[in-house]
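# Fold and contact review
What follows is each chain in one-letter form.
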Amino acid sequence: MPKDFSTMEDSNRSGNASIHDQIAALPLNRRTVIQGAGLASLLGLLQPLAGCANLGAGQPRLGFTAIPPGQTDALVVPPGYVAQVIARWGEPVGIAGNMPAFRTDGSNSAADQAVQLGMHHDGLAFFPINGSSTHGLIALNHEYTDDGLLHPDGFLPMNAAKVKKSQNAHGLSVYEVKFNGQAWEMVRPSAYARRFTMDTPFEMSGPAAGHPLLRTAADPQGRTTLGTLNNCASSATPWGTYLSGEENWMFYFGGGKDISAHHKRWGMNEKGLYGWERFDTRFDASQTPNEANRFGWVVEVDPMDPTSTPVKRTAMGRAAHEGAWVALTQDQRAVVYSGEDARFEYIYKFISSGRMQPGGAKANRHLLDEGTLYVARFDANGQGQWLPLVHGQGPLTAANGFADQGEVLIKARQASDLLGATKMDRPEWLAIDKASRWVYCTLTNNSQRGAPGKPGVDAANPRANNSMGQIIRWREAGDFDGMNFEWNHLLLAGDPANERAEAKGNVKGDILGCPDGLGFSPNGLLWIQTDAHATQMYKGEFARIGNNQMLACDTATGEVRRFLTGPTNCEITGVSFTPDGRNLFISVQHPGETPTDRSDPKQPQKYSSWPDHQPDGRPRSANVVIRKIDGGVIGT
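Residues numbered from 1 in each chain as written. Predicted model: local features only at pLDDT ≥ 70, side-chain atom pairs only at ≥ 80, totals over all residues. Heavy atoms only, no water.

Further remarks concern the sheet that holds strand β20 (residues 427-433). Taken in spatial order, the nine strands line up as β13-β14-β16-β17-β18-β23-β22-β21-β20 in an open sheet, and their pairing is antiparallel. At either end of the open sheet lies a strand with only one pairing partner, and these are β13 (325-328) and β20. Between one strand and the next, the sheet's axes are offset by a mean angle of 30°, whatever the strand orientation. Bridge count for strand β22 (residues 470-476) against strand β23 (residues 484-492) is seven bridges, and the pairing is antiparallel. Note on β23: the bridge partner recorded for W474 is W487. The strands touched by helix α10 (residues 412-419) within the sheet are β16 (347-355), β17 (371-378) and β18 (383-388), with β16 carrying the most contacts at an inclination of about 105°. (Pairing = 2+ DSSP bridges. Helix = DSSP H or I, 4+ residues; strand = E, 2+ residues; numbered from the N terminus. Axes fitted to C-alpha atoms, helices over the stretch in contact; angles between N-to-C directions. Contact = heavy atoms within 4.5 Å.)

Before going further, it helps to spend a moment on the pattern of salt bridges. Counted according to the given criterion, the structure contains 35 salt bridges. R88 is paired through a salt bridge with E91; the nearest N and O atoms lie 3.5 Å apart. Accessibility expressed as a relative area gives 13% for E91, which makes it buried. Of the charged contacts in the structure, one is a salt bridge between R88 and D612, with a shortest N-O distance of 2.9 Å. Here D612 lies in the loop between β29 (584-589) and β30 (622-628) and R88 lies in strand β1 (residues 81-88), a separation of 524 residues in the sequence. Residue class for R88 comes out buried when judged on its relative accessible area of 19%. (Salt bridge = Lys/Arg side-chain N within 4 Å of Asp/Glu carboxyl O. Buried < 20%, exposed > 50% of the residue type's maximum accessible area, 1.4 Å probe, protein only.)

R188 connects to P189 through a cis peptide bond whose omega is -5°. Relative to the assigned elements, P189 resides in the loop between β5 (184-187) and β6 (194-196). Cis rather than trans, the peptide bond between W610 and P611 has omega equal to 5°. Located in the positive-phi region is N130, a residue other than glycine, with phi close to 55°. Checked against the element boundaries, N130 lands in the loop between β2 (121-128) and β3 (135-142). Positive phi values are uncommon outside glycine, yet C514 reaches one of about 60°. Looking at the element boundaries, C514 is found in the loop between β23 and β24 (515-520).

In the structure shown here, the tally under the stated rule is five cavities of 30 Å³ or more. Each pocket or cavity is described by its volume, and for the second largest cavity that value is around 40 Å³. Lining the second largest cavity, in full, are W89, F102, G106, N108, Q113, Q116, L150 and K165. Of the residues belonging to the lining of the second largest cavity, the class tally is three nonpolar, four polar and one charged. (1 Å grid on protein atoms, 1.4 Å probe; cavity = no way out; pocket = protein on both sides within 12 Å on 5 of 7 lines; lining within 4 Å. Points joined across faces, edges and corners; volume = space filled by probe spheres on them. Nonpolar A, V, L, I, M, F, W, Y, C, P; charged D, E, K, R; others polar.)

Looking now at the layout of surface pockets. Computed from the structure, the largest pocket encloses a volume of approximately 760 Å³. In terms of lining, the largest pocket is formed by 27 residues, of which the most central are A236, K434, F520, V575 and S576. Counting residues per element, the lining of the largest pocket draws most heavily on β20, at five residues. A class-by-class count of the residues in the lining of the largest pocket yields 18 nonpolar, seven polar and two charged.

Moving on: the sheet that holds β30. What the four strands build is an open sheet, ordered β1-β30-β29-β28; its pairing is antiparallel. Each edge of the open sheet is held by one strand with a lone partner, namely β1 and β28 (571-577). Here the strands of the sheet are splayed against their neighbours by 25° on average, with no regard to which way each runs. Pairing of β1 with β30 involves seven bridges; the strand directions are antiparallel. By the bridge assignment for β30, A83 is matched with I626.

Turning next to the state of the cysteines. A full pass over the atoms with the stated rule returns zero disulfides. Here C514 is not disulfide-linked; the sulfur of C570 is the nearest cysteine sulfur, at 13 Å. Judged by relative accessible area, C514 falls into the buried class, the value being 0%. (Disulfide = S-S within 2.5 Å.)

As a further point, take the environment of L492. For L492, the position within the fold is in strand β23. The class of L492 is buried, set by a relative accessible area of 2%. Taking the C-alpha atoms as reference points, L492 and E502, 10 residues apart in sequence, are found 9.3 Å from one another.

Throughout the structure, instances matching the rule amount to 31 aromatic pairs. An angle of 45° between the planes, with centres 4.9 Å apart, marks the rings of F253 and F283 as tilted. Remark: F283 occurs in the loop between α7 (261-265) and β11 (298-301) and F253 occurs in the loop between β10 (242-246) and α7; sequence separation between them is 30 residues. The exposure classification of F253 matches that of F283, with both residues buried. Where W527 meets F577, the ring centres are 5.9 Å apart and the plane angle is 50°; that geometry is what we call tilted. Of this pair, W527 sits in strand β25 (residues 526-530) while F577 sits in strand β28, placing them 50 residues apart in sequence. Accessibility expressed as a relative area gives 0% for W527, which makes it buried. A relative accessible area of 11% means that F577 is categorised as buried. Sitting over the face of the ring of F295, K312 holds its NZ or CZ atom 4.0 Å from the ring centroid. (Phe/Tyr/Trp six-rings, centres within 6.5 Å; stacked < 30°, edge-to-face > 60°. Lys NZ or Arg CZ within 6 Å of the ring centre and 35° of its normal.)

Below, the structure written as structure tokens:
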């Protein structure tokens, strides 16, 4: 989806605690210090906590030469590295007997697109076959579509055939890859190859499965839904499955003139962004009001079993899930962290009741169906608390609109509003340092922070008109299942050359804006990917930052170093390593995206012709695998 939601109405109108309320609750000595400094000095008070703190001993681990900011329509990596493009939008995933070639004029049919890689690659994960670092599967999200490029005649006029093709360009893909000694290649045909589209059956599991709010005329039991939508970030679980977050699904629905308060809280508008509701009644909330409730879940897929049914895990709550990331407690319970990529929304964690069992995906088929969901409150004193979303506890009662636990999970935002959780600056990817137990989360930006009528700054979100974003981190008291935590900022993104104090940041090393993707490599480096929108780049406060990029942070020394820059107007996203750390897979999403997010089919290369740079081609999202020429570990 377009990442600049400036035209979208904020869905969070809750009155959760402001920084003033949090200050009032502090001990007198701490309160006096902050009030004496004034809210304008809050950023300065946080400086001792900011920057990549020394979390462990050791010598610097960054061994590559930093590259300059990107300004061209190219993907650039450091000297000594090679980047290979694989798996472009429209390539067949490898289903035997059904591998239609991509047509550069956009004339592939909806049926073709259903067995080809979808559009706008996002989160991905590498799953080794028999533990190999040279042979495995890639599971991949396709977040949204640029219908100006998808169809020969562009977005308008919209019709039923275009809607079907767009629906088939969403969802997930699984494809097989192998290193042949010289380069990586897709294995086609492959027994593992799969596409998940808006026609794919998904099981609903957990406490909300079968709930009246999930039932429709097409599914009166409320236990099977078709498709997954606007899938963004992703991860691999310790038991070998793929978790995918259904993010900004609400913009596909049209609510008509009489939108319910429930749907309004989730950001639904009278009309959807794509016009699907005019040709598919599933997306007309005035006719099918419960269909929207069937999206916004964490999806689990077993990529190694091509006959398996994907599952939407309702125990982890309904949200604009960016993704979901798993840690294990010492007694092997799953702790799943997740954030919502929306302004003034929340960070969650789920703790399973059961323990992970040996035996992989099949042995842990129901691990994520039972447990407790929590939402985070970040206090001004650098401490925080996880608040349980449990029916009957506190305000989560029938009197407040929650008839049962299923309704609490379906209305997780409303429940979090009542609990007083902290409204964040668009929480996106998370990464878990299992050695130190610090959990990191990118807060990409929030241009409306502190605007008239909007929530003001607070300790966790300390900058008004936050164009640059920050990375927050916390560590639980005790094991990952702790109910309390300490927190601080890893870094505040920005450029020290900017005039506006809120846009300077405190990055130690190479500058960046709008951190988004995040992940640790096997050797312990933290990798940061950025997603500044096309309307932000190359001008104003972003003039020196350049194209979206990928950087490495050595948490032992605090240095941030630029590793990769992408082509014009793309997003760099998706981060996954082979087990030996010698191959890095990423996604390059929407190269050439226009400021209005819809390309002109008559000028498809107006901003970018990446990756093929052919005169009759179209810019195409693609996966890229990066290696050291000498075969060494990435980043060293």
